[in-house]
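# Working through the structure, step by step
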Amino acid sequence: MVLLVQYTLIFASVLALVALGGCFSEHSGVINIGLEGIMVMGALGGALAMKFLPATTPGIVLFILIVLASVLVGMAFAAIHFNADQTLVGTALNLMGTAAAVVIVRAINVAENPDNVSSTVVYRQAKQVFLVKIGDFEFNWFMLIIVLAIIASHIVLYRTKFG
């Protein structure tokens, strides 16, 4: 049961961050249907950063670099200046993001081992930087980040002149 709650909170954290991005884009008048593709490409950027950063990198630096890589790849993928229908571009971003991530990961795996055609990236110890064990429960730092982001977003959107 603990594992179910743990993974539910981890996945909910990721989806809540994407939902907050959708709230801000809708609030500004942009229909952003491509959020899933942007999320997948950002996750790929973070996963590849986690894979290729040296294992000797200090924990906080590793955490910041991985989050920064995810943000930069997601932002690079989230261009809205296509001069086309937002619905069509969003759908294309969703399809292209997932397909591109699978192709890139498989190419990396095949380059490392010609018999490995899986769609998984094997991490070193970098994953442990994101986790804090509280008894049997593994607390992920993104759970705290999302709570703070939701509170900050509510304040920005509903309590400030910007919102």
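Here, the structure is the one placed above.
Not measured: the values here are computed from a predicted model. Numbering of residues starts from 1 in each chain and follows the order in which that chain's sequence is written. Residue-level local features of this predicted model are given only where pLDDT is at least 70; pairs of side-chain atoms are given and counted only at 80 or more, and the full residue set underlies all totals for whole chains, interfaces and linings. Note that water and hydrogens are dropped before the side-chain values are worked out from all heavy atoms of the structure.

### Focus: the pairing of strand 2 (residues 137-140)
The side chains of a regular strand alternate, first on one face of the sheet and then on the other. Condition: Two strands are counted as paired when DSSP detects at least two bridges linking them. Under the DSSP-based scheme used, a helix requires at least four consecutive residues in state H or I and a strand at least two consecutive residues in state E, with every element numbered from the N terminus.
For strand 1 (residues 131-134) and strand 2, the ladder comprises four bridges, and the chain directions are antiparallel. In the strand pairing of strand 2, K133 is matched with E138. Between the antiparallel neighbours strand 1 and strand 2 lie two residues, among them G135 with a positive phi of about 70°.

### Quick word on the nonpolar core
The line we're drawing: Here the nonpolar core consists of buried residues drawn from Ala, Val, Leu, Ile, Met, Phe, Trp, Tyr and Cys, with membership extended through side-chain atoms lying within 4.5 Å. Accessibility here uses a 1.4 Å probe with only protein chains present; expressed as a share of the type maximum, an area under 20% marks a residue as buried, one over 50% as exposed, and anything in between as partly exposed. When checking whether two residues touch, look at their non-hydrogen atoms; a contact exists if any pair is within 4.5 Å.
Counting residues in hydrophobic clusters, the biggest one holds eleven residues: I38, M41, L44, L48, F77, V89, L93, A101, V105, I108 and V121. Elements with a contribution of two residues or more to this core: helix 2 (35-52) and helix 4 (86-112). Element by element, the count of residues in this core is highest for helix 4, at five residues. Ignoring anything within four residues of it in the chain, the contact list for F77 reads G37, I38, M41, L93, M96 and G97.

None of the figures reported here should be taken as evidence of function without further support.
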